[in-house]
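Examination of the molecular architecture
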Amino acid sequence: VANGHTEEIANKIFGRFDLGYSFNKSHACAYGKNSAICCYLLANYPIEYYSACLTLELTQQESKIETILKEAKMFGIVLLPADINKSTTKFEPVEEGILCPLDIIKYLGKNVQDVIIENRPYESLEDFLDRVPKKQVNKRTLTNLIKAGAFDTFNANRSTLLQKAYDIRDIKD
C-alpha cells in the first residue's frame, strides 16, 4: 500500500506466502551452493561422488545405502565385491566402479578388519589362513568373507574355497 498499490492487491500478494514456515536467506544460499557443488560432482565425477555418499551412509543410524546403490546403478556404476587385498573400511572409487569396504561384510568386526589390512598382500587363501590367526577369523567370519566374494581375486569357485578353508582349518560343520 505504501508503494502505491491497492490494499486488495497487497493482500493478494501477501496471501501467496505461507508464513507457517519461512526459510532464512542464509540457509537458502548455503543449500543452493551445496546443491550446485553436488550437481557438479555428480555430473563430472559420479564414481567418486557415490563412493563418498555410500561411505558417509556407513556412519548413519538410518542408512540409505540401498537407495543410493539403486541410483548409482541407474548411472551405470558397477558395485564390486569386497576384495581381501584391496578393500579398506570405506567405499573406494576404482576404474571399474565402486569397491565395497570390508565393513559391509557381516560379522567382520573392526579388529578383524585391522588384522586383515595389516597383513596384506595375500597370495592365496592358504597364505591368508597362515598369516591371520584362527582366533581372529573364525568359521562364521571366514564363511562370510568367501561368500561375499572377498577371495574372488584368486579366481576360484566360492564353494571350492569354502571347502578348502574348512579342510585347512579343520572346521567341523
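Preceding this paragraph is the structure being described.
I will try to describe carefully the structure that is included in this document.

How each quantity is defined
- Along each chain, the written sequence defines residue order, and numbers are assigned to residues from 1.
- Totals for whole chains, interfaces and linings use all residues, but because this is a predicted model, local features are given only for residues with pLDDT of at least 70 and pairs of side-chain atoms are given and counted only at 80 or more.
- Where side-chain values are given, they derive from all heavy atoms of the structure, hydrogens and water being excluded.
- In this description, a nonpolar core means a group of buried Ala, Val, Leu, Ile, Met, Phe, Trp, Tyr and Cys residues linked to one another through side-chain atoms lying within 4.5 Å.
- Between buried and exposed lies partly exposed: a residue is buried under 20% and exposed over 50% of the maximum accessible area for its type, with that area taken using a 1.4 Å probe on protein chains only.
- Working definition: helices are DSSP H or I runs of at least four residues, strands are E runs of at least two. Numbering for both runs from the N terminus.
- Each pair of strands is called paired provided DSSP finds at least two bridges between the two strands.
- Multiplying one less than the number of residues by 1.5 Å gives the expected span of a helix.
- By definition in these notes, contact holds between two residues if any of their heavy atoms fall within 4.5 Å.
- Pairing of aromatic rings covers Phe, Tyr and Trp, the last through its six-membered ring, and needs centres within 6.5 Å; plane angles under 30 degrees mean stacked, over 60 mean edge-to-face, and all others mean tilted.
- Charges are assigned to positions over rings by a cutoff of 6 Å between ring centre and Lys NZ or Arg CZ, combined with an angular limit of 35 degrees from the ring normal.
- Axis geometry follows a simple rule: fit a line to the C-alpha atoms, using only the stretch in contact for helices, then measure angles between N-to-C directions, giving values from 0 to 180 degrees.
- With respect to orientation, any angle under 35 degrees is reported as roughly parallel, any angle over 145 as roughly antiparallel, any angle of 65 to 115 as roughly perpendicular, and every other angle as oblique.
- To count toward a patch, a residue needs a relative accessible area above 30% and no salt bridge. Like charges then connect within 9 Å, nonpolar side chains (Val, Leu, Ile, Met, Phe, Trp, Tyr) within 5 Å.
- Methods summary: accessible areas were calculated by the Shrake-Rupley approach with a probe of 1.4 Å, and residue burial reflects only the protein chains presented.
- Here a salt bridge means any side-chain nitrogen of Lys or Arg lying within 4 Å of a carboxyl oxygen belonging to Asp or Glu.
- The charge count includes Lys and Arg as positive and Asp and Glu as negative, but it does not include His or the ends of the chains.
- Crossing handedness: left-handed means the near helix sits turned counterclockwise from the far one by under a right angle, and right-handed means the same turn made clockwise.

A few words now on the nonpolar core. The biggest cluster of nonpolar side chains holds 35 residues, and the ones touching the most others in it are Y50, I84, I116, F128, L142, L145 and F151. Listed by contribution, the elements that provide at least two residues to this core are α3 (46–57), α4 (65–74), α5 (110–118), α6 (125–131), α7 (139–147) and α8 (158–169).

Pairing is mixed across the open sheet formed by 3 strands, whose spatial order is β1-β3-β2. Two strands in the sheet have a free side with no partner beyond their single neighbour: β1 (79–80) and β2 (92–94). As judged from the 2 bridges shared by β1 and strand β3 (residues 97–99), these two strands associate in the parallel manner. Counted as the bridge partner of L79 is I98 from β3.

Quick look at α3 now. With 12 residues, α3 ought to run about 16 Å at 1.5 Å a step, and its terminal C-alpha atoms sit 16 Å apart, in line with that. Listed in full, the buried residues belonging to α3 are Y49, Y50, S51, L54 and E57. Buried residues in α3 make contact with α2 (25–44), α4, β2 and β3.

All right, on to the packing of aromatic side chains then. According to the stated counting rule, one finds 6 aromatic pairs in the structure shown. Ring geometry for Y122 against F128: centres 5.0 Å apart, planes inclined by 75°, an arrangement best described as edge-to-face. Taken together, Y122, F128, F151 and F154 form an aromatic cluster joined through their ring pairs. Its guanidinium or amino end placed over the ring of Y166, K139 lies 5.4 Å from that ring's centre, counting from NZ or CZ. Over the ring of Y107 we find R140, and its NZ or CZ is 3.8 Å from the ring centre.

Right, let's talk about the packing of α2 against α3 for a bit. For the pair α2 and α3, interaxial distance at closest approach is 5 Å and the crossing angle is 125°. On the basis of the axis angle, α2 is oblique to α3. The residues of α3 that touch α2, namely those facing C38, L41, L42, A43 and N44, are P46, Y49 and Y50.

Glancing now at a nonpolar patch on the surface. On the surface, a cluster of nonpolar side chains totalling about 380 Å² of accessible area is made up of I37, Y40, L41 and Y45. Considering the arrangement of structural elements, one finds Y40 in helix α2.

All right, on to the side chain of D83 then. The topology assignment puts D83 in the loop between β1 and β2. Despite its burial, D83 remains without a salt bridge, the nearest opposite charge being carried by K86 at 4.6 Å. When near neighbours in sequence (up to four residues on either side) are disregarded, D83 contacts L99, L102, R120, A150 and T153.

All right, on to unusual backbone geometry then. Where the residue is not glycine, phi is negative for most of them; where a peptide bond is considered, it is trans in most cases. Between R120 and P121 the backbone carries a cis peptide bond, its omega angle lying at -5°. On the secondary structure map, P121 appears in the loop between α5 and α6. One non-glycine residue, Y107, adopts positive backbone phi at about 65°.

Close contact between α7 and α8 brings their axes to 9 Å; oriented N to C, the two are set at 155°. The orientation of α7 with respect to α8, classified from their angle, is roughly antiparallel. For the crossing formed where α7 meets α8, the hand is right-handed. Two secondary-structure elements touch here, α7 through K139, L142, T143, I146 and K147 and α8 through R158, L161, L162, A165 and Y166.

Attention now moves to the environment of I117. As for its position among the elements, I117 is in helix α5. For the pair I117 and N85, spaced 32 residues apart in the sequence, the C-alpha separation amounts to 7.7 Å. For I117, the residues in contact, after removing those within four places along its chain, are S87, T88, T89 and L102.

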